[in-house]
Amino acid sequence: MTTSASDPYDLAVIGAGSAGLAGAVAASELGLSVVLLDASVQTGGQFYRHPAPALGAARPEALHHDWAAFAELRRRLAASDVTHLSAHHVWSVTREGGDDGPWAVHAVTGPDGAEGRPRRVRARAVLLATGAYERQLPFPGWTLPGVVGAGGAQAMLKSGLVLPGKRIVVAGSGPLLLAVASSLAVAGATVAAVVEAGGYLRYARSPRVLMTNPHKAAEALTHGAALLRHRVRLATRSAVTEVHGADRVEAVTVTRLDRDWRPVQGSGRRIACDALAVGHGLVPQIELATALGCATRPLADGTLALALDTRQETSVRGLWAAGETGGVGGAELARTEGELAGIAVAARLLGRRTDAARLRRLLRDRDRMRAFADVMGRAHAPGPGWPGWLTDDTDVCRCEEVSAGRVREAVNDLGARDARTVKLLTRAGMGWCQGRMCGTAVACLAARGEAAEPPAERRPFATPVPLATLAALDPSTENGF
Ligand SMILES: Cc1cc2nc3c(=O)[nH]c(=O)nc-3n(C[C@H](O)[C@H](O)[C@H](O)COP(=O)(O)OP(=O)(O)OC[C@H]3O[C@@H](n4cnc5c(N)ncnc54)[C@H](O)[C@@H]3O)c2cc1C
C-alpha cells in the first residue's frame, strides 16, 4: 500500500530488531501502510547485529544461533511495501490535533543521529520496539580502559569482528553472560572465568516453566558445552569487586557473595586478564513511551517495563509495544510479541477479525515465554548488598565524575532520599548518558540499601538533539514541536 507525502502511514514502527521487524512485516502483510525507523544502518537489532558489508565477513551468520529466523524476517521485509528508514534516531513522539489525531514521530538522521537532519513521519498507530540497554553496577576500577559491557563485547565481536582483549573475564549477572563468554571463546579469546553474581539453582524452583520452555535449556546447554570445550571456569554467587591496573586492566579480584550479594570477607582472589566484560542484566528502553505517560510495571529483576494489555497495547490508546520494552525475555519472545502487535494494530485499523488459530498460538507462546522471563529475572536480580563493593572514591556517575562518597554525603548529611534529589545535589545522572549507566546505583544508594530503581522519567527528548534541529521545526504544524 502506498501513501501520499501528506497522508499519515497506518503504522510507524520504531526499532528494527526482532520485535520491530516482526511487527512491521505482519502489519504490512495484512494490508497496512507501514514505516519502519531505526537508529542503526542495518536491521536486526542487538541480537542479530552483524558486520558491515565493508568488513567482508564470509559467514556473518556464524556468530548467531537462530539466524534462519532473521533471514526469514529480512526476506519478508524485502518482499513487502514497508518503507524502511535506516539511520533515523527517534527523539520524540507527539500527537497532532488532540487525542484521536495522528502521531508524529520525530527523528534525526545519520547513524545514531550523527548527521542531525530532522525528519518527521506521521502515522495512525505507533509500535515501540526500541529494545533494552545494559544495566551496570559500579565497583572500584570499573572505569579503567579494558572494562567493557558484556553486551558491548558481544556487539564488538558481532559487528566489528574484534575482541576486547586476549584474556577476558566475563562477569555480572544474567544468561547473557554465558552467550557472551561462549562467543568470545569460540572466536579465539581465552576466557579466564565467567563470574555470575546470582545463581542457576533458583530456576529449579519453577520446574513447570522449565519443562514448557525446553529450547531455553537447550540454549544454555549449547553455551555450557562451548565453555566446557574451552575449559572456562564458572563461579556463581561471586562478583568482580575490584579491577587492578595502572593504565588499563591487568587483573580483577573475584569475591564470593552472600545471599544478599554482600562480599564475603577474605574470599577475594586475583585473576590476571587484559579485559573485563561486565553487565548486570538489561533495562527496557522506554523513554519515548513514558514521555507520553504510558504506565509501567516493575519486573522481577527490579527494572521497569511498559504495562501492556493482552494485545500488546500500552495504557495510551494507539501506542503498542513489543519485545524488551515490555520486559526482557529474548529474541524469540520479541518476534512473537512483534507479530502479535502487528496483527492487533491491523485488526483495530481495518476492523477485520484475525485468524483465530494464529492468534491463539501467538498468545500461548507469548505467555509461556513471558513466564520463563519472570523466572530468569528472579534468578539474576541484584541483591541489596552490592553497594558493599563500593569505596568512597569509586566513581558512580562516570559522565559527571561523581563518586560514591559524594552520593553518600548527599544522602547521609544533606537528607537526599531519592535519585532525583541526589542528582540535583551532585549532578549524578546529568551527563551525556542521562543516568542510563548510573541510574540504578544512585537510586540504590539513595534508598540506603533498599532495592530501588530510578523512577520512570517523563522527558521530552529520548536522545540528545542538536539545537539547529529544534530550530528547524515548524511550530505551527505540531503541538509544541
Ligand atoms: C547490548 C546487548 C547485547 C545483547 N546480546 C545478546 C546476545 O548475544 N544473545 C542473546 O540471546 N541476547 C542478546 N541480547 C538480548 C537480545 O538482543 C534481545 O532479547 C532481542 O534483541 C530483543 O529484541 P527487540 O526487538 O526487543 O530489541 P533489539 O533487538 O534491541 O532492537 C531494538 C532496536 O531499536 C532501535 N532503537 C532503539 N531506540 C531507538 C530510537 N530512539 N530511535 C530509533 N531506533 C531505536 C535499536 O537501534 C535496535 O535496532 C542483547 C541485548 C543488548 C542490549
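Parameters at a glance
- Residues numbered from 1 in each chain as written.
- Predicted model: local features only at pLDDT ≥ 70, side-chain atom pairs only at ≥ 80, totals over all residues.
- Heavy atoms only, no water.
- Domains from an automatic or database assignment.
- Buried < 20%, exposed > 50% of the residue type's maximum accessible area, 1.4 Å probe, protein only.
- Helix = DSSP H or I, 4+ residues; strand = E, 2+ residues; numbered from the N terminus.
- Pairing = 2+ DSSP bridges.
- Arc of directions from axis to C-beta.
- Contact = heavy atoms within 4.5 Å.
- Polar contact = N/O pair within 3.5 Å; in protein donor to acceptor, adjacent residues only side chain to side chain.
- Axes fitted to C-alpha atoms, helices over the stretch in contact; angles between N-to-C directions.
- Phe/Tyr/Trp six-rings, centres within 6.5 Å; stacked < 30°, edge-to-face > 60°.
- Lys NZ or Arg CZ within 6 Å of the ring centre and 35° of its normal.
- Near = heavy atom within 4 Å.
- Areas by Shrake-Rupley, 256 points an atom, 1.4 Å probe, with all protein chains shown as cover.
- Nonpolar A, V, L, I, M, F, W, Y, C, P; charged D, E, K, R; others polar.

Novice: When you look at the domain arrangement of the chain in this model, what are you seeing that I'm missing?
Specialist: Put simply, an interface is often sized by how much accessible area is lost when its parts join up. Assigned domains of the chain: these are domain 1 (9–133 + 283–376), domain 2 (136–280) and domain 3 (388–446). Taking only C-alpha atoms into account, the centre of domain 1 sits 33 Å from that of domain 3.

Novice: Even after reading the chapter, I still don't get the pairing of strand β5 (residues 103–109), so can you show me in this structure?
Specialist: When a strand is regular, its side chains alternate between the sheet's two faces. Of all 7 residues in β5, 7 are buried; the element is thus mostly enclosed. The side-chain alternation of β5 yields two buried faces, one formed by Trp103, Val105, Ala107 and Thr109 and the other by Ala104, His106 and Val108. Relative to β5, strand β4 (residues 88–95) is paired through 7 bridges, and the arrangement is antiparallel. From the neighbouring strand, threonine 94 faces β5, where its bridge partner is alanine 104. Pairing between β5 and strand β6 (residues 118–128): 6 bridges, direction antiparallel. Each residue of the ladder has a partner; that of alanine 107, found in β6, is arginine 119.

Novice: Is there a simple way to think about helix α11 (residues 419–426) in this case?
Specialist: Given 3.6 residues per turn, any residue in an α-helix points the same way as the ones three and four places further on. Within α11, burial applies to Ala419, Val422, Lys423 and Thr426. Across the axial projection of α11, the buried residues extend over an arc of 105°, all falling on one side. Every exposed residue of α11 that faces more than 90 degrees away from the buried side is listed here: Arg420 and Leu424. Against β21 (402–403), α10 (404–412) and α12 (439–446) lie the buried residues of α11. Its side-chain oxygen at 3.2 Å from the backbone nitrogen of arginine 420, aspartate 418 defines the N-terminal cap of α11. Phi turns positive one or two residues past the end of α11, at arginine 427, with a value near 75°.

Novice: Any chance you could explain the environment of arginine 378 here in plain terms?
Specialist: Inspection of the secondary structure assignment puts arginine 378 in helix α9 (residues 356–379). For the pair arginine 378 and arginine 202, spaced 176 residues apart in sequence, the C-alpha to C-alpha distance is 7.8 Å. With residues up to four places along the chain from it excluded, the contact list for arginine 378 reads Arg202, Ser206 and Ala300.

Novice: Please clarify how the sheet that holds strand β9 (residues 167–173) should be interpreted in this entry.
Specialist: Pairing between sheet strands relies on hydrogen bonds along the backbone, with the strands arranged either parallel or antiparallel. With respect to topology, 5 strands assemble into an open sheet ordered β8-β15-β9-β10-β11, the strand pairing being parallel. Edge positions in the sheet fall to β8 (147–149) and β11 (234–236), since each has one partner strand and no second. Taking the axes of each pair of neighbouring strands and ignoring which way they run, one obtains an average angle of 20° across the sheet. With 3 bridges connecting them, strand β10 (residues 190–196) and β11 associate as parallel partners.

Novice: What exactly am I supposed to notice about the packing of aromatic side chains here?
Specialist: To describe a pair of aromatic rings, one takes the distance between the centres and the angle between the planes. The tally for this structure, following the rule as stated, stands at 9 aromatic pairs. With centroids separated by 5.1 Å and ring planes inclined at 75°, the aromatic side chains of tryptophan 67 and phenylalanine 70 adopt a geometry described as edge-to-face. On the criterion of helical spacing, the pair formed by tryptophan 67 and phenylalanine 70 is a turn pair, its members being 3 residues apart in helix α2 (residues 67–79). Neither residue differs from the other here; tryptophan 67 and phenylalanine 70 are each classed as buried. What links up through ring pairs into an aromatic cluster is the set Phe47, Tyr48, Trp67 and Phe70. Over the aromatic face of tryptophan 103 sits the side chain of arginine 95, whose NZ or CZ is 4.0 Å from the ring centroid. Positioned over the ring face of tryptophan 142 is arginine 398, at 5.0 Å from the centre of the ring.

Novice: In this structure, what is going on with the site of the ligand? I would like to understand it.
Specialist: Surrounding the ligand, one finds 27 residues, the nearest of these being Ala19, Asp38, Val90, Gln154 and Glu324. Here alanine 39 contributes a backbone N or O atom positioned 3.0 Å from a nitrogen atom of the ligand. Considered on its own, the ligand offers 980 Å² of accessible surface; in the complex 90% of this is hidden by protein. Taken together, the elements giving at least two residues each to the shell around the ligand come down to α1 (18–29), β4, α3 (150–160) and α8 (331–350). Of the residues assigned to the shell around the ligand, the class counts are 10 nonpolar, 14 polar and 3 charged. Here the shell around the ligand gathers at least three residues from each of two domains, domain 1 (9–133 + 283–376) and domain 2 (136–280).

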